[in-house]
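Residues per chain, in single letters:
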Amino acid sequence: MTVFKTFWKVVKKYKGTVLLYTIILLVFGIINMQTKESNINFVGTKPDILIINEDKEGKLSKNLENYLRKNCNCIELKQEEIDDALFYRKINYMIHIKKNYSKEIMENKNPEIDVKSTRDYNASLAELMLKRYVKVQNVYKTKIKNEEDLIQQINKNLKENTTVQISSKIDNKQVENASYYFSFASYSIMAVVIFVICLVLSSFKEKNVNKRTLTSSMNYKKYNRYLLIASLLYALVVWIIYMILGIIILKDIMLTPRGGIYALNSFCFTFTSLTLALLISNLVKDKNAVNGIVNIIALGSSFLCGAFVPQEFLPDNVLKIAHMLPTYFYISSNELLKKIEVINLKELQSIFQNCLIMFLFAIFFIIVNNRISKYKRKVG
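A brief report on the enclosed structure follows. Source: prediction; values computed, not measured. (Residues numbered from 1 in each chain as written. Predicted model: local features only at pLDDT ≥ 70, side-chain atom pairs only at ≥ 80, totals over all residues. Heavy atoms only, no water.)

All told, the structure shown has 20 aromatic pairs when counted by the stated rule. For the pair F87 and Y88, a centre-to-centre distance of 4.9 Å together with 85° between the ring planes defines the contact as edge-to-face. The exposure class assigned to F87 is partly exposed, which follows from its relative accessible area of 34%. With a relative accessible area of 56%, Y88 lands in the exposed category. Taking 6.2 Å as the distance between ring centres and 20° as the angle between the ring planes, the aromatic pair formed by Y180 and F184 counts as stacked. Linking Y180 with F184, this pair stays in helix α8 (residues 172-204), spanning four residues, or about one helical turn. Look at Y180 and you get partly exposed, because its relative accessible area is 23%. Residue F184 is classed as buried on the basis of its relative accessible area, which comes to 5%. Cluster of aromatic residues (ring-pair linked, three or more members): Y21, Y180, F184, Y187, F303 and F308. (Phe/Tyr/Trp six-rings, centres within 6.5 Å; stacked < 30°, edge-to-face > 60°. Buried < 20%, exposed > 50% of the residue type's maximum accessible area, 1.4 Å probe, protein only. Helix = DSSP H or I, 4+ residues; strand = E, 2+ residues; numbered from the N terminus.)

Turning to the nonpolar core, a few remarks are in order. Residues F7, Y234 and Y242 are the most contacted members of the largest nonpolar core, which totals 75 residues. Of the residues forming this core, the biggest block, 21 residues, is contributed by α8. Discounting chain neighbours no more than four positions away, the residues touching Y234 are F7, W8, V11, V18, V192, V193, V196 and I197. Counting residues in each nonpolar core, the second largest holds 26 residues, with Y67, I95, A126 and M129 among its members. (Core = buried A, V, L, I, M, F, W, Y, C linked by side-chain atoms within 4.5 Å. Contact = heavy atoms within 4.5 Å.)

Let's shift gears to helix α14 (residues 326-339). Here α14 contains 14 residues, and its C-alpha end-to-end distance of 21 Å stays within 8% of the 20 Å for a straight helix at 1.5 Å per residue. With respect to burial, α14 is a largely interior element, eleven of its 14 residues being buried. Listed as buried for α14 are P326, T327, Y328, F329, Y330, I331, S332, S333, N334, E335 and L337. (Expected span 1.5 Å × (residues − 1).)

The next thing to look at is helix α11 (residues 257-283). End to end, α11 covers 40 Å across 27 residues, agreeing with the expected 39 Å (1.5 Å per residue, within 8%). In terms of residue burial, α11 counts as a mostly covered element, since 21 of its 27 residues are buried.

Moving on to the sheet that holds strand β2 (residues 73-74). Whenever strands of a sheet pair, they do so through backbone hydrogen bonds, lying parallel or antiparallel. On the basis of which strands lie adjacent, the open sheet formed by four strands has the order β2-β1-β3-β4 and mixed pairing. Looking along the sheet, the strands with just one partner apiece sit at the ends: β2 and β4 (113-117). Sheet analysis places strand β3 (residues 93-97) next to β4, joined by five bridges and oriented antiparallel. Residue pairing in the sheet places I97 in a bridge with I113 of β4. On the sheet, helix α3 (residues 59-71) packs against β1 (48-53), β2, β3 and β4 and is oriented at approximately 170° with respect to β1. Helix α6 (residues 121-141) contacts β1, β3 and β4 of the sheet and is inclined by roughly 30° relative to β3. (Pairing = 2+ DSSP bridges. Axes fitted to C-alpha atoms, helices over the stretch in contact; angles between N-to-C directions.)

Within the structure shown, the criterion is met by zero disulfides. The closest cysteine sulfur to the non-disulfide-bonded C74 is located on C72, 6.3 Å from its own sulfur. No disulfide involves C355; its sulfur sits 3.7 Å from that of C268, the nearest cysteine. (Disulfide = S-S within 2.5 Å.)

A side chain of one charge can pair with a side chain of the opposite charge if their charged atoms are brought near each other. Per the counting criterion, the structure on display carries nine salt bridges. Between K131 and E127 there is a salt bridge; the shortest N-O distance is 3.5 Å. Residue K131 and its partner E127 are both found in helix α6; the two are separated by four residues, about one turn of the helix. Relative accessible area serves as the criterion here: at 53%, K131 is assigned to the exposed category. (Salt bridge = Lys/Arg side-chain N within 4 Å of Asp/Glu carboxyl O.)

Any link to function would need more than the numbers given here.
Written as structure tokens, this is what we have:
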């Protein structure tokens, strides 16, 4: 118990660090939520879209454009402004109709329509409209060979139900806030766990302390077991603190099944961060180097994996690198939870897979840590 008590005494010395990263999370989380308007549901919503129609002479492409303009808010932008407009949510969806679109439809081909999306609720609505039109068009194009008749039949079919009405049972803005909170928390959790555990364990490895341990009657394995249990409890305390803060900030959503999945996902990530912290503490003895390592790992993985910038806006090359880090799978689950309308086992399958991958990372860190420890005992 002496080891256990000493561990927590050393932890208390670094409570300021825990408080600092917690304040960072709270400040950015609250600022983000206050800059967004509350929106529980929306009825008759028209998404903001951009239409680029290169098939100006085509009647079918013009008809598609008219249908979209009738059911959406069409925004005019220059080509170089599109990516920024999507990032800042000035538009939800971009539709690019290529040249000869109408001609290829009448030849019974399936010309591609290029799209770019913010992948939010409004973007999904715009995508539904586009798919609905294309589906109706594809049904009639094989039977009707006259372009005017085809347009007339398409419009007749679509006219039967053109009123858009969406009623959501969940508070979409609250879900977005929860996703942002937990994604940004990846930085705070990883930094707090790695920084404090590395500093505490390095204190136990100091020469004088190590000599006392070796000359004491305590078994070496028992000593390490106490340190491991204390580290596990510390990580658990950190996780509980952030869950309590989540309940205070996000309120009702944390008391739903969705909130439970957010909590489970963050628990898996906290455990993985703990195993990584134990590995780093075994590799690094210099306390001065710990701060730099925390910045490289926690801050670097947050930038690469989408904690600060949504994954959908990150370049493909960056995401390929991010796949090698557990933070990517944690944030990916948060993003998936934001898009799921109904919580069920089928929808949660990808999230459970991400949790499994995080545990595999944890097992890998444990195995490497054990190998290094064995090597050090042999050399020592």
